[in-house]
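One letter stands for each residue in the lines below.
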Amino acid sequence: MKKTLVFLMVLALFSSVVFAQGGKEAPAADAKGQYVIKMGTPSNPEDNCVKAFFEFEKLVEERTDGRVDVQVFHSAQLGAHRDYIEQMQMGSLQAAEINTAVLSGFDSKFMVFDLPYLSKNVEHLQSVLGSGLEEKLSASLEESTGLKILGWMIRSPRNIYNSRNAIETAADFNGMKIRVMESPIMTRTFELLGAVPVPLSAAERYMALQTGVVHGAENSVGIIVSEKEYEVTDYVSLTAHNITPNIIAFDKNYFDKLPSDIQDVLVAAGKEAGAYATRLDSESQQATLDELVALGMKVNDIEDKSSFTEAVSPIYEQYRDEIGGDIIDAFLK
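A brief structural summary. In this numbering scheme, every chain counts its residues from 1 along its sequence in written order. Since the coordinates come from a predicted model, pLDDT governs what is reported: local features require at least 70, and pairs of side-chain atoms require 80 or more to be given and counted, while whole-chain, interface and lining totals use all residues. Each side-chain value is derived from all of the structure's non-hydrogen atoms; neither hydrogens nor water enter the calculation.

1. Here we look at helix 6 (residues 184–192)
Thinking step 1. Partly exposed describes any residue whose relative accessible area lies between the buried limit of under 20% and the exposed limit of over 50%, with all areas from a 1.4 Å probe on protein chains only and scaled to the type maximum. Working definition: helices are DSSP H or I runs of at least four residues, strands are E runs of at least two. Numbering for both runs from the N terminus. Among all positions in helix 6, only Ile185, Met186, Thr187, Thr189 and Phe190 are buried.
Thinking step 2. Looking one or two residues beyond helix 6, the residue adopting positive phi is glycine 194, at roughly 95 degrees.

2. Points about the side chain of serine 119
Thinking step 1. If you trace the backbone, serine 119 turns up in the loop between helix 4 (100–103) and helix 5 (122–145).
Thinking step 2. Pairs of residues are marked as contacts when any of their non-hydrogen atoms sit within 4.5 Å. In this structure, serine 119 is in contact with His124, Leu125, Ile243 and Phe331, ignoring residues within four places of it in sequence.

3. Let's talk about the pattern of salt bridges
If the charged atoms of two oppositely charged side chains come close together, the side chains can form a pair.
Thinking step 1. Criterion for a salt bridge: a side-chain nitrogen of Lys or Arg within 4 Å of a carboxyl oxygen of Asp or Glu. Taken as a whole and assessed by the stated rule, the structure comprises 13 salt bridges.
Thinking step 2. Here aspartate 326 and lysine 136 are joined by a salt bridge, their closest N and O atoms 2.8 Å apart. Here the residue aspartate 326 occupies a position in helix 15 (residues 325–332), and lysine 136 occupies one in helix 5, the gap between them amounting to 190 residues.
Thinking step 3. Overall, aspartate 326 belongs to the partly exposed group, its relative accessible area being 45%.
Thinking step 4. Linking lysine 148 and glutamate 142 is a salt bridge whose minimum nitrogen-to-oxygen distance equals 3.6 Å.

4. Concerning the nonpolar core
Thinking step 1. If you look at the biggest cluster of nonpolar residues, it comprises 35 residues, and the most contacted ones within it are Ile98, Val112, Phe113 and Ile323.
Thinking step 2. Residues contacting valine 112, with those up to four places away along its chain left out, are Leu118, Ile323, Ile327, Ile328 and Phe331.
Thinking step 3. Working definition of a nonpolar core: buried Ala, Val, Leu, Ile, Met, Phe, Trp, Tyr and Cys residues. They are joined through side-chain atoms within 4.5 Å. With 26 residues, the next largest nonpolar core counts Phe53, Val70, Leu258 and Ile262 among its residues.

5. Comments concerning the environment of leucine 147
Thinking step 1. Tracing the backbone through its elements, the reader meets leucine 147 in strand 4 (residues 147–154).
Thinking step 2. Its relative accessible area of 0% is what places leucine 147 among the buried residues.
Thinking step 3. Filtering out sequence-adjacent residues up to four positions away, leucine 147 remains in contact with Ile85, Met88, Leu141, Glu142, Phe250, Asp251 and Lys252.

6. A look at the pairing of strand 3 (residues 95–99)
Thinking step 1. In terms of burial, strand 3 is a largely internal element, 5 of the 5 residues being buried.
Thinking step 2. Burial along strand 3 is two-sided: Ala95, Glu97 and Asn99 and Ala96 and Ile98, pointing in opposite directions, are all buried.
Thinking step 3. At least two bridges found by DSSP between two strands is the condition for calling them paired. Note that strand 1 (residues 35–40) and strand 3 share 2 bridges and pair parallel. Bridged to methionine 39 within strand 3 is alanine 95.

What follows is the structure, encoded as structure tokens:
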């Protein structure tokens, strides 16, 4: 009886030590001695962010001499953005593409990217991020979610595409059901414009357009091509109302357990992959618009956006305290 009691006490002590030190242990390599990094993205391989993920895979595997096995799961095989956050927090997924609109539901500072017409263009957004905002947002996200940002993939401006009519002024939005990302600011933006916003995940967008659950959506034009949504819409209106980055997010708990030399590789590759996606999106913008015209869509530029900016102007003050005045002012300087 005594021997049994001693054994149980030793076992309990050993278990508590293992549990307490679990956060410090390195992640186990597989049978080949490799560290496996699974990456999730909802988009198809033709999308520039997915191309950037494959670039990340190549860079990491080359620079670690095969010690790291990066596996890209595209086309929503592992779900959508919100699913990825939960999976990384649970430890079943190591990295993912996450849109900042979805992140805003976990950290209100990221709502700044949803504010319409705040970023003048991609270069302006890059400049603001580079002035110190990137570090501030990265630190905040690590604290609030346990996710680490390895790269920023900045999409070309978001525009409206729909099956009902071209958009020239805010009045053209009246009653139009628009799929928006799961962001309270984007919902409010389109309410102010007179539309009926319908928050849906990216994986649900095509079906919603096809079945008439929504009349249209808003996104970078590259998505219309890569997701074949020109099949279910007719008009593209260049409202350029938002520029929202997607981040390369990484499970910080997993990252911190990796050998330091691999951590260095991941950080460098993430930055390069983010820049790669941003460059691809910017360079392909006009060619993508030409392709959409060839596919039968009607593309209209909008010289005067004043009706849009006037309609949405109340939203800045509404969210100033929640986002942080200093963060909004970084864009307005």
